[in-house]
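Listed below are the residues making up each chain.
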Amino acid sequence: MVGIFVCLFISGCSYQVINFPNKNSQSYRSNNASVSSVPASGYHRVKRGETLFSIAFGYGLDYREVANLNKIRSPYTIYPKQKIWLRKKTNSVSKRVSSAPSRSTNKAPVVKKSASDIQLQKRSSPPKVVSKSSPVTSEKVSSWHWPIDGAVVKGFSSGGVSSKGIDIKGQKGNLVKAAANGVVVYAGSGLIGYGNLVIVKHNDVYLSAYAYNERILVKEQQTVRAGDALAVIGGKGSEKSLLHFEVRRDGQPIDPLKVLPRK
């Protein structure tokens, strides 16, 4: 009995994070991993658990461009309910303001602030939230590795919003491994159609994504090396032991078979 308890305890310790998908969520029910269209509003409202990387990934955009557009600097800290612009803001608001009739041509008087006013303003300003930055991954991807051993059962498609990666058939219990060195920039189940998803940033150019996992074994901001276990293989719908794998270059999906070694 003691032996069984020790065995269970040891096996439990091997997992850092275990995320089970919510069966009532849309991300669990959907089986289609695809790129979303940018909303007509031009912006995305941040939901809890999202990162700048996952938002840009979901829309097929380069996270650097999204960061620059919103003047967000590394480590790209964002907040729930924050408005993230995905394309340049329209100048309709500024046009309305400039075209509004002026009520007075007199210049507003300059009000000098006292030292006490300045000090009060400093105290009332909201505190800055400091987040832990991820290690810089500036190194080139010297070589790519297959995330699991198995046959490709669904290839890459560049048409419309269809599959932007490949589906690889594995075996139950297979560990999904990092295809190259990098940093985990997303680990969760917030992207519709991806289930339990891990996104790894390899450098400023390349990201890779591992979807439909049964369990996630890593945390965001964690540094990983090629071959490190990221998750336990899961599946979509009735298709079990299946991994959906994507590679993004400058935010754009590319065929993973163009970078993975030939079998």
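Residues numbered from 1 in each chain as written. Predicted model: local features only at pLDDT ≥ 70, side-chain atom pairs only at ≥ 80, totals over all residues. Heavy atoms only, no water.

Novice: Describe the nonpolar core, and please don't skip the residues or the numbers.
Specialist: If you look at the biggest cluster of nonpolar residues, it comprises 27 residues, and the most contacted ones within it are W144, V198, Y210, L230 and F245. Those elements that place two or more of their residues in this core are β4 (166–169), β6 (182–188), β7 (196–201), β8 (206–213), β11 (229–232) and β13 (239–249). Element by element, the count of residues in this core is highest for β13, at 3 residues. Ignoring anything within four residues of it in the chain, the contact list for V198 reads V184, Y186, S208, A209, Y210, N213, I216, V218 and L230. (Core = buried A, V, L, I, M, F, W, Y, C linked by side-chain atoms within 4.5 Å. Buried < 20%, exposed > 50% of the residue type's maximum accessible area, 1.4 Å probe, protein only. Helix = DSSP H or I, 4+ residues; strand = E, 2+ residues; numbered from the N terminus. Contact = heavy atoms within 4.5 Å.)

Novice: Kindly report on unusual backbone geometry, identifying the contributing residues and their values.
Specialist: A cis amide bond, omega 15°, links S74 with the succeeding residue P75. Mapped onto the fold, P75 is located in the loop between α4 (63–69) and β2 (83–85). If you check the backbone angles, K71 has positive phi at about 55° while not being a glycine. Here K71 shows up in the loop between α4 and β2.

Novice: Give a detailed account of the packing of aromatic side chains, specifying residues and quantitative values.
Specialist: As enumerated under the stated definition, the model contains 7 aromatic pairs in all. Between F53 and Y63, the ring centres sit 4.6 Å apart and the planes meet at 40°, which makes this aromatic pair tilted. Taken together, the residues span a long stretch of sequence, with F53 in helix α3 (residues 52–58) and Y63 in helix α4 at a distance of 10 residues. Accessibility expressed as a relative area gives 7% for F53, which makes it buried. For Y63, a relative accessible area of 4% gives the class buried. Here a set of aromatic residues connected by ring pairs shows up, and it is made of F53, Y63 and Y76. It is R248 that lies over the ring of F57; its NZ or CZ is 3.7 Å from the centre. Positioned over the ring face of W146 is K263, at 4.1 Å from the centre of the ring. (Phe/Tyr/Trp six-rings, centres within 6.5 Å; stacked < 30°, edge-to-face > 60°. Lys NZ or Arg CZ within 6 Å of the ring centre and 35° of its normal.)

Novice: Give a detailed account of the sheet that holds β11, specifying residues and quantitative values.
Specialist: Read from one edge to the other, the open sheet built from 3 strands follows the order β5-β11-β9, with strand pairing classed as antiparallel. If you trace the sheet from one side to the other, it starts and ends with β5 (175–177) and β9 (215–216), each paired once. Bridge analysis of β5 against β11 gives 3 bridges, and the strand direction is antiparallel. Directly across from L175, in β11, lies its bridge partner V232. (Pairing = 2+ DSSP bridges.)

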